[in-house]
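Each chain is listed here by its residues.
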Amino acid sequence: MNKYLDVSKEVAEAIALNRPVVALESTIISHGMPYPQNVETALRVEQVIRESGAVPATIAIIGGRLKAGLTKEEIEHLGKTGYDVPKVSRRDLPVILAKGMDGATTVTTTMIIAALAGIKIFATGGIGGVHRGAETTMDISADLEELAETPVMVICAGAKSILDLGLTLEYLETKGVPVIGYGTEELPAFYTGKSGFGVDYRLDTPKELAQAFHVKQEMGLKGGMLVTNPIPEEFSMDPAVINKAIDEAIDESIKQGIHGKETTPFLLAKVKELTGGDSLDSNIQLVFNNARLAAKTAAELCNLEA
Ligand code: PSU
Ligand code: MN
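Residues numbered from 1 in each chain as written. Chains lettered and ligands numbered in written order. Predicted model: local features only at pLDDT ≥ 70, side-chain atom pairs only at ≥ 80, totals over all residues. Heavy atoms only, no water.

(A) Here's a closer look at the overall build of the chain. Secondary structure summary: the chain contains 13 helices and 11 strands in total. By the compact-globule yardstick of 19 Å for 306 residues, the chain fits well, its C-alpha radius of gyration being 18 Å. Dimensions along the principal axes, computed over C-alpha positions, put the chain at roughly 50 × 45 × 35 Å. Scored against the burial criterion, the 306 residues of the chain give a buried share of 55%. Once local pairs closer than 6 in sequence are excluded, the contacts in the chain between residues at least 24 apart make up 75%. Carbon and sulfur atoms make up 53% of the accessible area of the chain, which totals about 13,300 Å². Side-chain charges of the chain comprise 29 positive and 41 negative groups, with the mean position of each set lying 5 Å from the other. (Helix = DSSP H or I, 4+ residues; strand = E, 2+ residues; numbered from the N terminus. Rg over C-alpha atoms; globule rule 2.2 N^0.38 Å. Buried < 20%, exposed > 50% of the residue type's maximum accessible area, 1.4 Å probe, protein only. Contact = heavy atoms within 4.5 Å. Areas by Shrake-Rupley, 256 points an atom, 1.4 Å probe, with all protein chains shown as cover. Lys, Arg positive; Asp, Glu negative; His and termini not counted. Charge placed at Lys NZ, Arg CZ, Asp CG, Glu CD.)

(B) A look at empty space enclosed by the protein. Taken as a whole, this structure holds two cavities of 30 Å³ or more when the rule is applied. Counted as a void, the largest cavity has a volume near 120 Å³. Taken together, 13 residues line the largest cavity, and the ones lying closest to its centre are Glu25, Ile28, Ile29, Ala42 and Val45. Counting residues per element, the ones that place at least two in the lining of the largest cavity are α2 (27–30) and α3 (37–51). At four residues, α3 tops the list of elements feeding residues into the lining of the largest cavity. Of the residues contributing to the lining of the largest cavity, the split by class is eight nonpolar, four polar and one charged. (1 Å grid on protein atoms, 1.4 Å probe; cavity = no way out; pocket = protein on both sides within 12 Å on 5 of 7 lines; lining within 4 Å. Points joined across faces, edges and corners; volume = space filled by probe spheres on them. Nonpolar A, V, L, I, M, F, W, Y, C, P; charged D, E, K, R; others polar.)

(C) Molecular detail of the site of ligand 1. Ligand 1 sits among 14 residues. The nearest are Glu25, Lys87, Ser141, Lys160 and Thr264. Between ligand 1 and Lys87, the relevant distance is 2.7 Å, taken from an oxygen atom to a side-chain nitrogen or oxygen of the residue. Between ligand 1 and Asp143 there is a distance of 2.7 Å, counted from an oxygen atom to a side-chain nitrogen or oxygen. When ligand 1 is considered free in solution it has 470 Å² of accessible area, and contact with the protein chains removes 92% of it. According to the grid-proximity analysis, the pocket containing ligand 1 is the largest pocket. Broken down by secondary-structure element, the contributors of at least two residues to the shell around ligand 1 are α2 and α12 (263–274). Its residues placed into classes, the shell around ligand 1 shows four nonpolar, six polar and four charged. (Near = heavy atom within 4 Å. Polar contact = N/O pair within 3.5 Å; in protein donor to acceptor, adjacent residues only side chain to side chain. Sits in = over half its atoms within 2 Å of the grid points.)

(D) Region of the structure containing the packing of aromatic side chains. Applying the stated rule across the entire model yields one aromatic pair. Here the aromatic rings of Phe190 and Tyr191 are separated by 4.8 Å at their centres, their planes lie at 75 degrees, and the arrangement is edge-to-face. Look at Tyr191 and you get buried, because its relative accessible area is 4%. The ring of Phe190 carries the charged tip of Lys160 above its face, separated from the ring centre by 3.8 Å. (Phe/Tyr/Trp six-rings, centres within 6.5 Å; stacked < 30°, edge-to-face > 60°. Lys NZ or Arg CZ within 6 Å of the ring centre and 35° of its normal.)

(E) Structural view of the pattern of salt bridges. The tally for this structure, following the rule as stated, stands at 15 salt bridges. Here Lys175 and Glu145 are joined by a salt bridge, their closest N and O atoms 3.2 Å apart. You can see Lys175 sitting in the loop between α9 (165–174) and β9 (179–182) and its partner Glu145 sitting in helix α8 (residues 142–149), a full 30 residues away along the chain. Given the relative accessible area of 34%, Lys175 is considered partly exposed. In this structure Glu145 comes out as partly exposed when scored by relative accessible area, which is 28%. Linked by salt bridges that have partners in common, Asp6, Arg65 and Lys67 make up one network. (Salt bridge = Lys/Arg side-chain N within 4 Å of Asp/Glu carboxyl O.)

(F) Layout of the layout of surface pockets. Roughly 960 Å³ of internal volume is contained in the largest pocket. Residue contributions to the lining of the largest pocket peak at five residues, all from α12. Those elements giving two or more residues to the lining of the second largest pocket turn out to be α2, α12 and α13 (278–305). Residue contributions to the lining of the second largest pocket peak at four residues, all from α12. Of the residues contributing to the lining of the second largest pocket, the split by class is 10 nonpolar, eight polar and two charged.

Listed below in structure tokens is the structure:
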């Protein structure tokens, strides 16, 4: 066990008994949604995972300790503190731990901590990727490098078109990360099921997802797998409305000179503001949808590993 890692009793027992566990990230709590919807969603998504037969492991850094499995109080603390909790990516880990600070984990650091704890399936909303204009800014999320390195399956609703989705797919191809569409041949674009870009493979059942991941592990190929699960039709947004908001948010971020780790949280908040909260409802629903698929896939993976 890593010396900086604390795994909650419930999560440790489930792992030891080969029972399904699903990792959840905490930047979505502190930086991805406003309070109190962030805390409500974080607690409800844990409930959804339990109802689907798995144990949730929400991941964060508390007092300089890597945590897999948070208490309700810890989730509330992260949600209430919001932007004042540092957003922690791979490069931030050493200093945050050395100083004994709290941190919200992104997809990158949630994958790192999940892998240290022995958790293989992780559900979230959207991942980071290659930003629009990256050819000059070089703003490419560390999430993509992590998917190339760390053996965790990330189940998301694709990526928001705050990113350059075409370049994000090219980057993942170069890095050898399989991009799977769950029940679709088209990469979902978070708020809508349609991006106009194709995925690498379409798989249609949790068992097929687990089998593909299992083969990758048995082969000893490093890195994870990206599963993109379209938002349910009834919660998907009008592409014209959401794309207009995204374009405006990006213009505003350029005008204000936003850069680095602030970019993604700024764009997420701005899009929410411009769409009057409709995007938040969609965001919450797609997280639940991903959590259900992750729980079922984790159960199938346990069967294969038994
Ligand atoms: N995209 C979303 N919601 C999020 C994030 C991204 O739609 O909450 C968060 C995730 O934690 C992701 C991180 O890992 O932002 C990526 O940040 P950056 O682009 O700075 O790498
Ligand atoms: Mn960035």
